[in-house]
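Report on the structure
In case you want the letters, here they are:
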Amino acid sequence: MTIDIQRMQDLAHEIVRLQGELDREIENRRRALGVELTGRIVGFEHGVLDAQRRLKVSVLRFVARSDLVSIVTAPVIYSLIVPLVIVDLWVTAYQAICFRAYGIARVRRRDYIMFDRAHLGYLNRLEALNCAFCSYANGLIGFVREVSSRTEQYWCPIKHALRVSDPLHRYYAFLEYGDADGYRARLAEFRDRLREREVADRTA
């Protein structure tokens, strides 16, 4: 049993290592395209933005080229903004109250919701609006997933018996399904990890 647990931990660390390697490759590709990052400020090398603007399509031409299905379904897509904002407000209030009470590190929205695509010169206003909507919707879902994942670690850090599609990173360290002794013995340890992270975040 100990060997199996160690093997799973090693695989989880390898997944994290490979993700870091992929991030570095993506960063190299950005540099090749002339993208410059200074903290959270996005810029471009000289002349790159002018070249992008030459590829911009006007809003009228963009709409004229759009198919009827896209035009008809657009209001349905954008209507999602209402439930998304409600979820955003509710989850933000939830972690502000409960995470503070439990001593869990609060999730920073700015790490998930970002609007850097507005700096792209080849997007017209409608395309930029579409990108902003997708950035908010997908970023919000990532934010909510992280809040729920920390909640799960605090209350129920147990793997499922069935395969989970695309679990968050902390899931791999959860207790095995059916490990009753581990659950009783190590639940406090999982909670302490979240509290330790809280201290690290506050001192960072």
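Nothing here was measured: the structure is a model prediction, and the numbers come from that model. (Residues numbered from 1 in each chain as written. Predicted model: local features only at pLDDT ≥ 70, side-chain atom pairs only at ≥ 80, totals over all residues. Heavy atoms only, no water.)

Here we look at the pattern of salt bridges
Heads up, the rule is: Put simply, a salt bridge is a Lys or Arg side-chain nitrogen that is within 4 Å of an Asp or Glu carboxyl oxygen. Labels follow the DSSP assignment, with helices taken as runs of H or I lasting at least four residues and strands as runs of E lasting at least two, numbered in each case from the N terminus.
Under the criterion given, the structure shown has 9 salt bridges. D192 is the salt-bridge partner of R195, the closest N and O atoms lying 3.3 Å from each other. Within this pair, R195 and its partner D192 are both found in helix α7 (residues 180-203), separated by 3 residues, close to a single helical turn. Each member of the salt-bridge network shares a partner with another, and the members are E146, R150 and R170.

Some thoughts on the confidence of the model for the chain
What counts, and what does not: pLDDT is a per-residue confidence score from the predictor, ranging from 0 to 100.
For the chain, the average pLDDT comes to 82, and 77% of its residues sit at 70 or higher. Per-residue pLDDT, averaged within each element of the chain, yields its smallest value for strand β2 (residues 41-44) (53) and its largest for helix α5 (residues 81-102) (97).

Description of the nonpolar core
To keep things clear, this is the line we draw: Nonpolar cores were defined as sets of buried Ala, Val, Leu, Ile, Met, Phe, Trp, Tyr and Cys residues, with membership established by side-chain atoms within 4.5 Å. In this scheme, a residue with accessible area under 20% of its type's maximum is buried, one over 50% is exposed, and one in between is partly exposed, where area comes from a 1.4 Å probe on protein chains only. Any pair of residues with heavy atoms lying within 4.5 Å of one another is described as a contacting pair.
The biggest cluster of nonpolar side chains holds 14 residues, and the ones touching the most others in it are L84, L140, F143 and V147. At the level of elements, α5 and α6 (125-155) are the ones that each hand at least two residues to this core. Tallying contributions element by element places α6 first for this core, with 7 residues. Not counting the four nearest positions on each side in its chain, L84 is found in contact with F133, Y136, A137 and L140. Y171, F174, L175 and L187 belong to the second-largest nonpolar core, a separate cluster that totals 6 residues.

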